[in-house]
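Below are the chains, spelled out letter by letter.
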Amino acid sequence: MNGKATTTRTRLDRGRSALGPALELVHTGRAPTRAVLTAELGVTRATAGAVAAELEALGLIRVDARPGAGAGAQGRPSHRLIVDEHGPVALAAQVHADGFRAALVGLGGRIVATAPGCVEVTADPAQVLEAVVEAGARLLHDSGRRCVGAGLAVPSAVAEPEGTALNPLHLAWPAGAPVRDIFADCVRAAGIEGPAFTGNDVNLAALAEHRHGAGRGAQHLLCVATGHRGVGGALVLDGRLHTGSAGLALEVGHLTVNPEGGRPCHCGSRGCLDVEADPLAFLTAAGRTPGPEVSLLQQARDLLRDERRDPAVRAAVEELIDRLGLGLAGLVNILNPDRIILGGLHRELLAADPERLRAVVADRSLWGRSGGVPILGCTLPHNSLAGAAELAWQPVLDDPLAALRRPAA
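Reading the values: rules and limits
- Residues numbered from 1 in each chain as written.
- Predicted model: local features only at pLDDT ≥ 70, side-chain atom pairs only at ≥ 80, totals over all residues.
- Heavy atoms only, no water.
- Helix = DSSP H or I, 4+ residues; strand = E, 2+ residues; numbered from the N terminus.
- Buried < 20%, exposed > 50% of the residue type's maximum accessible area, 1.4 Å probe, protein only.
- Contact = heavy atoms within 4.5 Å.
- Pairing = 2+ DSSP bridges.
- Salt bridge = Lys/Arg side-chain N within 4 Å of Asp/Glu carboxyl O.
- Core = buried A, V, L, I, M, F, W, Y, C linked by side-chain atoms within 4.5 Å.
- Axes fitted to C-alpha atoms, helices over the stretch in contact; angles between N-to-C directions.
- Polar contact = N/O pair within 3.5 Å; in protein donor to acceptor, adjacent residues only side chain to side chain.
- pLDDT = per-residue confidence, 0-100.
- Parallel < 35°, antiparallel > 145°, perpendicular 65-115°, else oblique.
- Left-handed = near helix turned anticlockwise from the far one by under 90°.
- Nonpolar A, V, L, I, M, F, W, Y, C, P; charged D, E, K, R; others polar.
- Disulfide = S-S within 2.5 Å.

### Observations regarding the environment of G253
Point 1. Within the secondary structure, G253 is located in the loop between β12 (240-241) and α8 (273-276).
Point 2. Here G253 falls in the buried class, since its relative accessible area comes to 2%.
Point 3. Sequence separation of G253 and V275 is 22 residues, and the distance between their C-alpha atoms is 7.9 Å.
Point 4. Excluding residues that lie within four positions of it along the chain, G253 makes contacts with V231, C272, L273 and D274.

### Considerations on the pairing of strand β4 (residues 99-105)
Point 1. Counting buried residues in β4 gives 6 out of 7 residues, a clear majority hidden from the surface.
Point 2. Counting the residues that bridge the hairpin from strand β3 (residues 89-96) to β4 gives 2 residues.
Point 3. Direction of pairing for β4 relative to strand β5 (residues 111-114): antiparallel, over a ladder of 3 bridges. In the strand pairing of β5, A103 is matched with T114.
Point 4. Linking β4 back to β5 in an antiparallel pair, the connection comprises 5 residues, with G108 at a positive phi of about 80 degrees.

### What to know about the environment of P354
Point 1. By secondary structure assignment, the location of P354 is in helix α13 (residues 354-364).
Point 2. With relative accessibility at 18%, the residue P354 sits in the buried group.
Point 3. Sequence separation between P354 and L376 is 22 residues, and the spatial gap between their C-alpha atoms is 9.2 Å.

### A short note on the pattern of salt bridges
Point 1. Taken as a whole and judged by the stated rule, the model has 18 salt bridges.
Point 2. A salt bridge links E24 to R30, with the nearest nitrogen and oxygen atoms 3.9 Å apart.
Point 3. Of the charged contacts in the structure, one is a salt bridge between D306 and R309, with a shortest N-O distance of 2.4 Å.
Point 4. By sharing partners, the salt bridges in this structure join E307, R314, E318, D322, D353 and R356 into a single network.

### Considering the nonpolar core
Point 1. Counting residues in each nonpolar core, the largest one holds 38 residues, and the members touching the most others are L23, L55, L60, I61, W393 and V396.
Point 2. Mapped onto this core, the elements with two or more residues apiece are α2 (19-27), α3 (34-41), α4 (45-57), β3, β4, β6 (147-154), α15 (383-398) and α16 (400-404).
Point 3. Here the element with the most residues in this core is α15; it accounts for 8 residues.
Point 4. Formed by 36 residues, the second largest nonpolar core is a distinct cluster that contains L273, V313, L324 and L350.

### Focus: the sheet that holds β5
Strands belonging to one sheet form pairs held by backbone hydrogen bonds; the direction of such a pair is parallel or antiparallel.
Point 1. A sheet is described by the order of its strands in space; here 5 strands give the open sequence β5-β4-β3-β6-β9, paired in mixed fashion. The sheet is open, and its two edges are formed by β5 and β9 (196-200), each paired on a single side. Going from strand to strand, the sheet's axes swing by 25 degrees on average, the running direction of each strand aside.
Point 2. In terms of strand pairing, β3 meets β4 through 7 bridges, oriented antiparallel. Bridge pairing in β4 links H96 to G99.

### Observations regarding the sheet that holds strand β10 (residues 220-226)
Point 1. Taken in spatial order, the 5 strands of this open sheet run β12-β11-β10-β13-β14, and their pairing is mixed. Among the strands making up the open sheet, the edge pair consists of β12 and β14 (375-377).
Point 2. Bridge count between β10 and strand β13 (residues 339-344): 6 bridges; the pairing is parallel. From the neighbouring strand, L222 faces β13, where its bridge partner is I340.

### With respect to the side chain of S156
Point 1. Inspection of the secondary structure assignment puts S156 in the loop between β6 and β7 (158-159).
Point 2. Looking at S156, its side chain comes within polar contact range of the main-chain nitrogen of L166, at 3.4 Å.
Point 3. If we skip the residues at most four places from it in the chain, S156 touches A165, L166, N167, P168 and N200.

### Overview of the confidence of the model for the chain
Point 1. For the chain, per-residue confidence averages 89 on the pLDDT scale, and residues scoring 70 or more make up 91% of the total.
Point 2. Every residue in residues 69-73 scores below 50 in pLDDT, and together they form 5 contacts with partners more than four places removed in sequence or on other chains.

### Quick look at the packing of helix α5 (residues 125-143) against helix α6 (residues 179-189)
Point 1. Where α5 contacts α6, the axes come no closer than 9 Å and their chain directions differ by 40 degrees. Put simply, α5 runs oblique to α6. Between α5 and α6 lies a crossing whose hand is right-handed. Across the interface between the two elements, P125, A126, L129, E130 and V133 of α5 pack against V179, I182, F183, C186 and V187 of α6.
Point 2. By residue class, the composition of the contact of α5 with α6 is 9 nonpolar, no polar and 1 charged.

### Observations regarding the packing of α2 against α15
Point 1. In the contact formed by α2 and α15, the axes pass within 7 Å of each other and the chain directions differ by 140 degrees. Our classification of the angle between α2 and α15 gives oblique. Residues G20, P21, L23, E24 and H27 of α2 lie in contact with α15, whose contacting residues are E390, V396, L397 and D398.
Point 2. For the contact of α2 with α15, the residue count by class is 4 nonpolar, 2 polar and 3 charged.

### Digging into the state of the cysteines
Point 1. What the rule picks out here adds up to 0 disulfides.
Point 2. C186 provides the cysteine sulfur closest to C118, a residue in no disulfide bond, and the two sulfurs are 14 Å apart.
Point 3. Taking the relative accessible area as the measure of exposure, C118 reaches 27% and is therefore partly exposed.
Point 4. Cysteine C265 remains unbridged, with the sulfur of C267 as its closest cysteine sulfur at 3.7 Å.
Point 5. You can call C265 buried: its relative accessible area is 9%.

Shown next, in the form of structure tokens:
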């Protein structure tokens, strides 16, 4: 092979090895233009142009010929890089105590379509997962889109590498249910192309928020959230979820925040964050009896609107903020995050009295007074669904050519 051909081949190989990093930059909004892409990848303009053209040929992005100046760019404006709004999608599914939902999610974390949520979750995981996959399959059929894979978010720690739900405490599912295998079987049975993945719902919410929402730019991101029942936590380090040696890290719900007179917890302890700072705890603290007509989360949100008019509701808000602040302070002492984001009812408690929550964290944490860890609310709607889709998109982000040129199932 002559020198010119060798150089051309080297450039081609270098460009192909940059496809995944380039796609992730566009996917997370960090490369809005070709000039920014060139700088971020550390390649020549020609190589960046070839990489962008290859991603466009794969149907993943569009290169907009109308120029747009990148942040800090000099010289002539560069072409804009945009996620292809008609490109492939991932099937995302979420199961929680009050129902389940399916969605299609494109690159950029954009939810393309959702199926109406179901409010009945039976004790049989296979029955529930079959129903949610069927709902997703209908969305795919109606959209006519190619599917890159499927992701499932569940309200339980998911053990690795087995993919079992170890503690679906707020579902009637048996502990240790093989949810990943069941989900994968349902995906294959529905004729859906691509691999299937499963993860904890708060872990996945944190991943989505780090890539597309309130956590963007954080190096050590702590997420704490309460949805329909219980409290979960997650940590994203340098863009990757920290799940521990077996996928079981950050079970923050079992931090003790009310040892004297606290409520009994499912884990056998008392006064855990899991039972002291979730929607049921808020309703109970306000002296309200939960009703069966709508979800606990919705009932808590509705009650929060009376916070300024009802002294009992105001007292409940303060009680939960204090409990949550104690838990966050302990996590700050252990993990030293550079940002905290709160989801579900916790986000709304933060909005109700941000000064009180930040003061509790600062007062009880070693570095709170000097470090001033930012505490923000999550910003993405359905962030656990978006995070489930991130699992399915990851093989494409790692190697677009291999993932998209695989044989059809």
